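Observations on chain architecture
Residues per chain, in single letters:
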Amino acid sequence: MPTDSPAPADTPRTPPAPAAQVPAPFPERAALPDPGPARTLRDTDSPATAAPGPGSGPDLPAPAAPGPGSGPDLPAPAAPGPGSGPDAPRGYRAVFAVAEFRAVFAAHLLSLLGVVVSELALTVLVYDLTGSPLLSALTFALGLLPYIVGGTLFAGVADRYPARRVLVVCDLLCAACVAVMLVPATPVAGLLALRCLVAAIAPVFTGTRMAALTDILGEGDLYVLGRSLLRIVSQSAMLIGFGAGGVLLTVLSPRGAITVTVVTFLCSAALLRFGTRDRPARATAGHGAGGTLLKESLSGARLVLGDRRIRALMLLFWLPAMFVVAPEALAAPYADAIGASPAALGLLLCAMAVGHIGAELFVGSALSPRNRSRIVLPVAAAGLLPLLVYAVRPGLPLALAALALAGAGAAYVIGLDQWFVDAVPQELRGRAMTLLTAGLMTVQGLGMALAGLAAEFFPVHQVVAASGIIGTVCTLLLVAEVRRTDPRRMSYTEERDGADRHVTSR
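The rules behind these values
- Residues numbered from 1 in each chain as written.
- Predicted model: local features only at pLDDT ≥ 70, side-chain atom pairs only at ≥ 80, totals over all residues.
- Heavy atoms only, no water.
- Helix = DSSP H or I, 4+ residues; strand = E, 2+ residues; numbered from the N terminus.
- Buried < 20%, exposed > 50% of the residue type's maximum accessible area, 1.4 Å probe, protein only.
- Areas by Shrake-Rupley, 256 points an atom, 1.4 Å probe, with all protein chains shown as cover.
- Contact = heavy atoms within 4.5 Å.
- Axes fitted to C-alpha atoms, helices over the stretch in contact; angles between N-to-C directions.
- Parallel < 35°, antiparallel > 145°, perpendicular 65-115°, else oblique.
- Left-handed = near helix turned anticlockwise from the far one by under 90°.
- Nonpolar A, V, L, I, M, F, W, Y, C, P; charged D, E, K, R; others polar.
- Polar contact = N/O pair within 3.5 Å; in protein donor to acceptor, adjacent residues only side chain to side chain.
- Salt bridge = Lys/Arg side-chain N within 4 Å of Asp/Glu carboxyl O.
- pLDDT = per-residue confidence, 0-100.
- Phe/Tyr/Trp six-rings, centres within 6.5 Å; stacked < 30°, edge-to-face > 60°.
- Core = buried A, V, L, I, M, F, W, Y, C linked by side-chain atoms within 4.5 Å.
- Expected span 1.5 Å × (residues − 1).
- Bend = angle between axes of the 7 residues up to and from the residue.

1. Some words on the overall build of the protein
Each helix and strand counted, the protein has 23 helices and zero strands in total. Burial analysis of the protein (506 residues in total) assigns 50% to the buried set. With the model as given, the accessible surface of the protein reaches about 21200 Å², and the carbon-plus-sulfur share is 70%.

Have a look at this one:
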């Protein structure tokens, strides 16, 4: 399927603490950078869906006093999942120990490389047929624009039907679309329309797969690391796939290179069909299920975006991504402005991905779930600051360092994955993740367009620096909103207000 966006796991939902348990003093909580996982729609709409954990139930004793290393900043302990146990592998090795994930990973790798190659080949094909740079560039743009349409109107598919069936059908539909592109009689308008259709299917596939990973890997740390691996592959594919596509185009025609994508889609479908288990659909009678597909999709979007906590977390995925793309969108004019060579332009385009891959591997392998959760808000708040270096119109070495640091700032998403999945009820998860993917791709396209528009009126280096400043201010406001929606903080405020009313009534 098309490129998987950086996007989103959690710790299992635990029942609320008994009313008699006194929370930590508010000033101590306020100093914590970790808002922790949330309980949102599930608490009010479908409490029966959360399975009781150890120590729950009205007749059981209150939890024991916190021991060493415990505290409100710790995420809830993960339930035993695949590959758990004292002698089980840990970290990324534990994720690969799950057979179903290996099938998903291989399918993702194959289809992603195929898509990157086909994007390059299709762009060349359209240019060969028309001689129009605009239509050639539009071929790339059409890989982003339909995401919001598919992610909004077809999101209900992700929860309405079994995940394996959705994934396999999406792969087969994309293979069919690409196969039609190979027909010499297909006009340019048809090629672009087929490109749009593949892009509209992409968020449904990606959102369904993200939700299915919680079934395959559980809702704890394995899911976080599994999502991290898929993101790393996506970033690496951009570096390797375009190079591989360029090599293929030296020995094959554009349509011959596009044939590779048909094969990778079919291989992906086979891996998912025979390498993963068939599980029932998530949708239930509640949470917008029932009625037409369009109604389910739109009602799911309303429920997801109408919840304050989920909305804040989703925006924390989207907002930094919208501003961080400015230097990539303007890499060519900036390289020209500083007199850099074409090879230097390639380095400018690769630097951010290299920083992202390195940071994500470090955070995923070296930090504990607790520390990954703790760094989310500080790293998100500071992630765009390296772009301020562009204010002094840096040369190539300093610009590369700034881009690598900006890419490393995206590592906060590992911990954010955990919070997001915990905040979304299971029966809304497919729609929520489809919408998350669609929005992420759309805001990146919008960010590129706005950066290009601004560069028509201001110097490129000023546009990039302004993106860092404006993005940082917006992210800081959003971080404050995420803190305010921290369920522990909100719970404490409610209990404190209740205590104040009790004292006043006396």
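2. Section: the environment of L271
Position of L271 among the secondary structure elements: in helix α11 (residues 254–275). On the basis of relative accessible area, L271 is assigned to the partly exposed category, the value being 29%. Sequence-distant contacts of L271, defined by excluding residues within four places in its chain, comprise A103, A106, A107, L110 and T276.

3. Focus on the packing of helix α8 (residues 163–181) against helix α9 (residues 188–217)
Viewed as axis vectors pointing N to C, α8 and α9 meet at an angle of 160°, and their least axial separation amounts to 9 Å. Taken as axis vectors, α8 and α9 run roughly antiparallel relative to one another. In terms of crossing hand, the pair formed by α8 and α9 is left-handed. For the pair α8 and α9, contact is made by A163, V166, L167, C170, D171, L173, C174, C177, V180 and M181 and by L191, L194, R195, L197, V198, I201, V204, F205, T208, R209 and A212, respectively. Along the lines of polarity and charge, the residues of the contact of α8 with α9 split into 17 nonpolar, one polar and three charged.

4. Re the side chain of T485
Within the element layout of this structure, T485 appears in the loop between α22 (460–484) and α23 (487–505). Exposure remark for T485: the relative accessible area of 3% places this residue in the buried category. At a separation of 3.1 Å, a polar atom in the side chain of T485 contacts the side chain of R309.

5. A short note on the packing of helix α13 (residues 308–324) against α22
Remark: α13 packs on α22, axes separated minimally by 9 Å, with the N-to-C direction vectors making an angle of 165°. Considering the angle they form, α13 stands roughly antiparallel to α22. Judged by the twist between their axes, the crossing of α13 over α22 is left-handed. For the pair formed by α13 and α22, the contact residues are R308, R309, A312, L313, L315, L316, L319, P320 and F323 on the first element and S467, I470, G471, C474, T475, L478, V479, E481, V482 and R484 on the second.

6. Observations regarding the side chain of T475
One can find T475 in helix α22. Once you skip the residues sitting within four places of it in the chain, T475 turns out to touch L316, L319, P320, A380, A381 and L384.

7. With respect to helix α20 (residues 413–423)
Where burial is concerned, most of α20 is hidden: 11 out of the 11 residues are buried. Taken as a whole, α20 has its buried residues at V413, I414, G415, L416, D417, Q418, W419, F420, V421, D422 and A423.

8. Let's talk about the pattern of salt bridges
Opposite charge on two side chains permits them to pair, given that their charged atoms come into close proximity. All chains considered together, the criterion is met by seven salt bridges. Here R279 makes a salt bridge to E100, at a shortest N to O gap of 2.8 Å. One end of the pair, R279, is in the loop between α11 and α12 (293–306); the other, E100, is in helix α4 (residues 99–130), and 179 residues separate them in sequence. For the pair formed by R279 and E100, the shared burial category is buried.

9. Quick notes on the confidence of the model for the protein
Overall, the prediction assigns the protein a mean pLDDT of 76, with 74% of residues at 70 or greater. Taking the mean pLDDT of every element in the protein, the minimum, 33, falls on helix α1 (residues 26–30) and the maximum, 94, on α22. Overall, residues 5–81 carries pLDDT values under 50, and its contacts beyond four positions in sequence, including any with other chains, amount to 155 contacts. Segment residues 492–506 is flagged for pLDDT under 50; beyond a separation of four residues in sequence, or across chains, it makes six contacts in the model.

10. Let's talk about unusual backbone geometry
Residues other than glycine seldom take positive phi values, yet R393 does so here, at roughly 50°. Examined against the element boundaries, R393 turns out to sit in the loop between α18 (376–382) and α19 (396–408). The partly exposed category is assigned to R393, whose relative accessible area is 42%.

11. Re the packing of aromatic side chains
Working definition: an aromatic ring pair is given by the centre-to-centre distance plus the angle between the planes. Counted by the stated rule, this structure contains five aromatic pairs. Relative to F101, the ring of F96 has its centre 5.8 Å away and its plane inclined at 65°; by these criteria the two rings are edge-to-face. A relative accessible area of 30% places F96 in the partly exposed class. Look at F317 and F420: their rings are 5.7 Å apart centre to centre, the planes differ by 85°, and that puts the pair in the edge-to-face class. Taken together, the residues span a long stretch of sequence, with F317 in helix α13 and F420 in helix α20 at a distance of 103 residues.

12. Re the nonpolar core
The biggest cluster of nonpolar side chains holds 109 residues, and the ones touching the most others in it are F101, L217, L316, L416 and F420. At 13 residues, the largest contribution of residues to this core is made by α9. L316 has contacts with V376, L377, A380, Y412, L416, T475, L478, V479 and V482, leaving out every residue within four places of it along the chain. With five residues, the next largest nonpolar core counts V224, A359, A411 and I414 among its residues.

13. Observations regarding α13
An ideal rise of 1.5 Å per residue puts 24 Å on 17 residues; α13 measures up with 25 Å between its terminal C-alpha atoms. The sharpest bend along α13 measures roughly 25° and falls at L315.

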